[in-house]
Amino acid sequence: MRASEDVTRYVTCDVVIVGSGAGGGTVAERLGALVAAGLRVLVLEQGARVADHELTSSEVDMARALYAQGGGVLTAERTLSLAMGCTLGGSTAVYTGTSLRPSPRVLHAWGVPGLAPDDVLARCARFEADNSVGLAPERALNDNNRLFRLGCERLGWPAGQFPINVVGCRGCGLCNLGCSNGAKQGTNRVQLPRAERAGVEVVTRCEVESIDARGEAPVLRARVRAPAPGALGEPSPWAPGEYVVRARAVVVAAGAVGSPALLQRSRLPGRLPRLGHGFTCHPAVIVVAEHPRPISNTVGHPKSFYLDRAEEEGFVVETCMYFPFTTARSLTGFGPPHEALLRAYPRLQMMLVLAVDPVDRGNRVTVDRAGRPVVRYRFTPTVVERLAAGSRAAARIALAAGALRVHAPVADPPLIEARDVGDPCAPGALVERVAPRMFSEGRVAVSAAHLMGGCAMGATAADSVTDARGRVHGARGVYVADASLFPAAVEINPYLTIMALADRVAEAVQRDLGVPALAGAR
Ligand SMILES: Cc1cc2nc3c(=O)[nH]c(=O)nc-3n(C[C@H](O)[C@H](O)[C@H](O)COP(=O)(O)OP(=O)(O)OC[C@H]3O[C@@H](n4cnc5c(N)ncnc54)[C@H](O)[C@@H]3O)c2cc1C
Ligand code: SF4
């Protein structure tokens, strides 16, 4: 450590926002209006600000630069990998940009006193407009997406088209490696630049280690790190070293893993028995299918269609596109069949099967002795059932669309030849072949990118961590504003819902600070 890094620096401000993703970026924009009223607002983000020209298509380099632990965060059981962004904009810098509103059915089922579904939906509509959400035109749909739609049509299943938040999309397909074309409208493109123009200070490479909320106002300990040699991204605007930040309010928006972990290593005035509990993540498997001719998959926006069976059967199937490394990692098995499938990469149709995972008492975020997050997650029989049902549906879609063979991870052996199936449209097709009993934990590659829960909203500390406006029970001046607020899975792609909830939290912060209602920084 250099001498200057030994010095502890002291900073005073009015509001600190921890994290700059869907939640933190939204709060930052909204609270930009406080700067005009003379308040100091900071965003502390542990990831780096990566410039567009640094976003190459290199899968490994981008994973290192943009994702937490290079994209390889594993649960304690090492049977589920979690994807989360660690860069300015958080996961919105790497998300695909599919933009769905939550179902009122789900919001009602959450049963949070003071959370009106209509209010959430109205805010979602506002963010749809802000982030330029719309449908891709027919000419922009690639073969992978058309095959999905065709398969669904032949099966008589209703495929929905995803609204996406892009402006001037060039169809390079690299959404999950960042968007060097500036087309994808994440918080790094929309909300954070507005916040910065309004005077919000964004400090990157700054990890918040703990919060002490036992006094009059919260005090944070944070550490700024210098870039590692050769690392992409700008250095932090603050000098490397330790910081003590005093604020009137702190908004924790470090994501569904980061926020419960940060609060667990913090000093809070009261006990929060539900902290870290209720973690859900829509665990997902990839189903790929080989077609007789090359298909355009790596060209065009990757995600255009989905089949929503969340309410009826607890799963959703989406189109997707993964690069060779991720595809290889996601296929079950080794050796010649695995190699043959990868050699067919230009002819592969791809789908993602997501299970709706009910809250389970064993699934939660904890911290180890060093305060690092540890996610415990076990696959309940319900989740396994849903992964199998979704994989079966995906396999049938591919076969109905003309695939020669399909690789379904919840099948043993996973490779299914079309000639052995008969008519994929026949009722009950593949019921024996793709079944829950074939799910083997650790053998089947399961990943998740919709991380939710851990600081759930609710009525009291006995049933939740915050109220319906993200105020942490019993900890004055401490708020949560991200996906960790979800009391249960949202059952669709979550970012719009997160933004809507974060917007409500920002309003509460403003009100609690005694600042008159301001229109926001836009
Ligand atoms: C590959 C991928 C594709 C996705 N595609 C879609 C999609 O198409 N549609 C959709 O709706 N959703 C999608 N999602 C999910 C969506 O992006 C997330 O649900 C959403 O961004 C979560 O918002 P958040 O604010 O909770 O956390 P994040 O956006 O993850 O932001 C949390 C931020 O906090 C920072 N942080 C964490 N700990 C600390 C700390 N101690 N100090 C300082 N900073 C900290 C992190 O670095 C991160 O930047 C996708 C996610 C991924 C990973
Ligand atoms: S497909 Fe469109 S939104 Fe995705 S990275 Fe390419 S230009 Fe950006």
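Criteria and cut-off values
Residues numbered from 1 in each chain as written. Chains lettered and ligands numbered in written order. Predicted model: local features only at pLDDT ≥ 70, side-chain atom pairs only at ≥ 80, totals over all residues. Heavy atoms only, no water. Helix = DSSP H or I, 4+ residues; strand = E, 2+ residues; numbered from the N terminus. Rg over C-alpha atoms; globule rule 2.2 N^0.38 Å. Buried < 20%, exposed > 50% of the residue type's maximum accessible area, 1.4 Å probe, protein only. Contact = heavy atoms within 4.5 Å. Areas by Shrake-Rupley, 256 points an atom, 1.4 Å probe, with all protein chains shown as cover. Lys, Arg positive; Asp, Glu negative; His and termini not counted. Charge placed at Lys NZ, Arg CZ, Asp CG, Glu CD. Near = heavy atom within 4 Å. Nonpolar A, V, L, I, M, F, W, Y, C, P; charged D, E, K, R; others polar. Pairing = 2+ DSSP bridges. Axes fitted to C-alpha atoms, helices over the stretch in contact; angles between N-to-C directions. Phe/Tyr/Trp six-rings, centres within 6.5 Å; stacked < 30°, edge-to-face > 60°. Arc of directions from axis to C-beta. Left-handed = near helix turned anticlockwise from the far one by under 90°. Expected span 1.5 Å × (residues − 1). Salt bridge = Lys/Arg side-chain N within 4 Å of Asp/Glu carboxyl O.

1. Here we look at the overall build of the chain
Reasoning step 1: Along its length, the chain carries 13 helices and 23 strands.
Reasoning step 2: Relative to the 2.2 N^0.38 estimate, which gives 24 Å for 522 residues, the radius of gyration of the chain is 23 Å and therefore close to what a compact globule would have.
Reasoning step 3: By the burial criterion, 60% of the 522 residues in the chain qualify as buried.
Reasoning step 4: Across the chain, every contact between residues at least 6 apart in sequence was considered, and the portion connecting residues at least 24 apart equals 76%.
Reasoning step 5: Of the roughly 20000 Å² of accessible surface on the chain, a fraction of 51% belongs to carbon and sulfur atoms.
Reasoning step 6: Charge centroids of the chain, computed over 57 positive and 49 negative side chains, lie 2 Å from each other.

2. Digging into the site of ligand 2
Reasoning step 1: Val-166, Cys-169, Arg-170, Gly-171, Cys-172, Gly-173, Leu-174, Cys-175, Cys-179, Asn-181, Ala-183 and Lys-184 make up every residue found near ligand 2.
Reasoning step 2: Classifying every residue of the shell around ligand 2 by side-chain character gives seven nonpolar, three polar and two charged.

3. Section: the sheet that holds strand β13 (residues 249-252)
Reasoning step 1: Sheet architecture is open: five strands sit in the order β9-β3-β2-β13-β23, paired in parallel fashion. Both edges of this open sheet fall to β9 (201-203) and β23 (478-480), since each of them pairs with a single strand only. Across the sheet, the axes of successive neighbouring strands diverge by a mean angle of 20°, strand direction being ignored.
Reasoning step 2: As paired elements, strand β2 (residues 15-18) and β13 share four bridges and run parallel to each other. Looking at the pairing, Val-15 lines up with Ala-249 of β13.

4. Some details on the packing of aromatic side chains
Reasoning step 1: Inspection of the entire model under this criterion finds seven aromatic pairs.
Reasoning step 2: Their ring planes at 55° and their centres at 4.8 Å tell us that Tyr-95 and Tyr-495 sit as a pair that is tilted. Of this pair, Tyr-95 sits in the loop between β5 (81-82) and α4 (104-110) while Tyr-495 sits in helix α13 (residues 495-512), and the two are 400 residues apart along the sequence.
Reasoning step 3: Residue class for Tyr-95 comes out buried when judged on its relative accessible area of 13%.
Reasoning step 4: What makes Tyr-495 buried here is its relative accessible area of 6%.

5. Some thoughts on the site of ligand 1
Reasoning step 1: Near ligand 1, the surroundings consist of 38 residues, among which Gly-23, Glu-45, Ser-91, Thr-98 and Tyr-495 are the closest.
Reasoning step 2: Burial of ligand 1 by the protein chains amounts to 95% of its free accessible area of 1000 Å².
Reasoning step 3: When residues of the shell around ligand 1 are traced back to their parent elements, those giving at least two are α2 (22-36), β10 (206-212) and α13.
Reasoning step 4: The leading source of residues in the shell around ligand 1 is β10, at three residues.
Reasoning step 5: Of the residues contributing to the shell around ligand 1, the split by class is 17 nonpolar, 17 polar and four charged.

6. Some details on helix α7 (residues 191-198)
Reasoning step 1: All buried positions along α7 are accounted for by Gln-191, Leu-192 and Ala-195. Buried residues of α7, viewed axially, fall in a sector of 90°; they line one side.
Reasoning step 2: Here the buried face of α7 lies against α2, α5 (117-130) and α13.
Reasoning step 3: The first or second residue beyond α7 is Gly-199, which carries a positive phi of 110°.

7. Notes on the packing of α2 against α13
To describe two helices that pack against each other, one gives the angle between their axes and the distance between the axes.
Reasoning step 1: The contact between α2 and α13 brings their axes to 8 Å, and the two run at 35°. Relative to α13, α2 is oriented so that their crossing is right-handed. When α2 is examined against α13, the residues Ala-22, Gly-23, Thr-26, Val-27, Arg-30, Leu-31 and Leu-34 are found in contact with a partner set consisting of Tyr-495, Ile-498, Met-499, Ala-502, Asp-503, Ala-506, Glu-507, Val-509 and Gln-510.
Reasoning step 2: Looking at the contact of α2 with α13 residue by residue, the class counts come to ten nonpolar, three polar and three charged.

8. Some words on α5
Reasoning step 1: With 14 residues, α5 extends 20 Å from end C-alpha to end C-alpha; this agrees with the ideal 20 Å at 1.5 Å per step.
Reasoning step 2: Buried within α5 are the following residues: Pro-117, Val-120, Leu-121, Arg-123, Cys-124, Phe-127, Glu-128 and Asp-130.
Reasoning step 3: Buried residues belonging to α5 abut α2, α4, β6 (133-134), α7 and α13.
Reasoning step 4: Positive backbone phi, approximately 55°, marks Ser-132, located one or two places after α5.

9. Side note on unusual backbone geometry
Reasoning step 1: Cis geometry marks the peptide bond from Asp-412 to Pro-413, where omega comes out at 0°.
Reasoning step 2: Mapping Pro-413 onto the fold places it in the loop between β20 (405-407) and β21 (415-417).
Reasoning step 3: The backbone of Arg-78 shows a phi angle near 60°, a positive value even though the residue is not glycine.
Reasoning step 4: Positionally, Arg-78 belongs in the loop between β4 (73-74) and β5.
Reasoning step 5: With a phi close to 55°, Ser-132 is a non-glycine residue in the positive phi region.
Reasoning step 6: Inspection of the secondary structure assignment puts Ser-132 in the loop between α5 and β6.

10. Considering the pattern of salt bridges
Opposite charge on two side chains permits them to pair, given that their charged atoms come into close proximity.
Reasoning step 1: For the structure on display, the rule yields 42 salt bridges.
Reasoning step 2: Note that Glu-290 and Arg-405 form a salt bridge whose closest N and O atoms lie 3.2 Å from each other. Taken together, the residues span a long stretch of sequence, with Glu-290 in strand β14 (residues 284-290) and Arg-405 in strand β20 at a distance of 115 residues.
Reasoning step 3: When its relative accessible area of 8% is taken as the criterion, Glu-290 is described as buried.
Reasoning step 4: Exposure remark for Arg-405: the relative accessible area of 21% places this residue in the partly exposed category.

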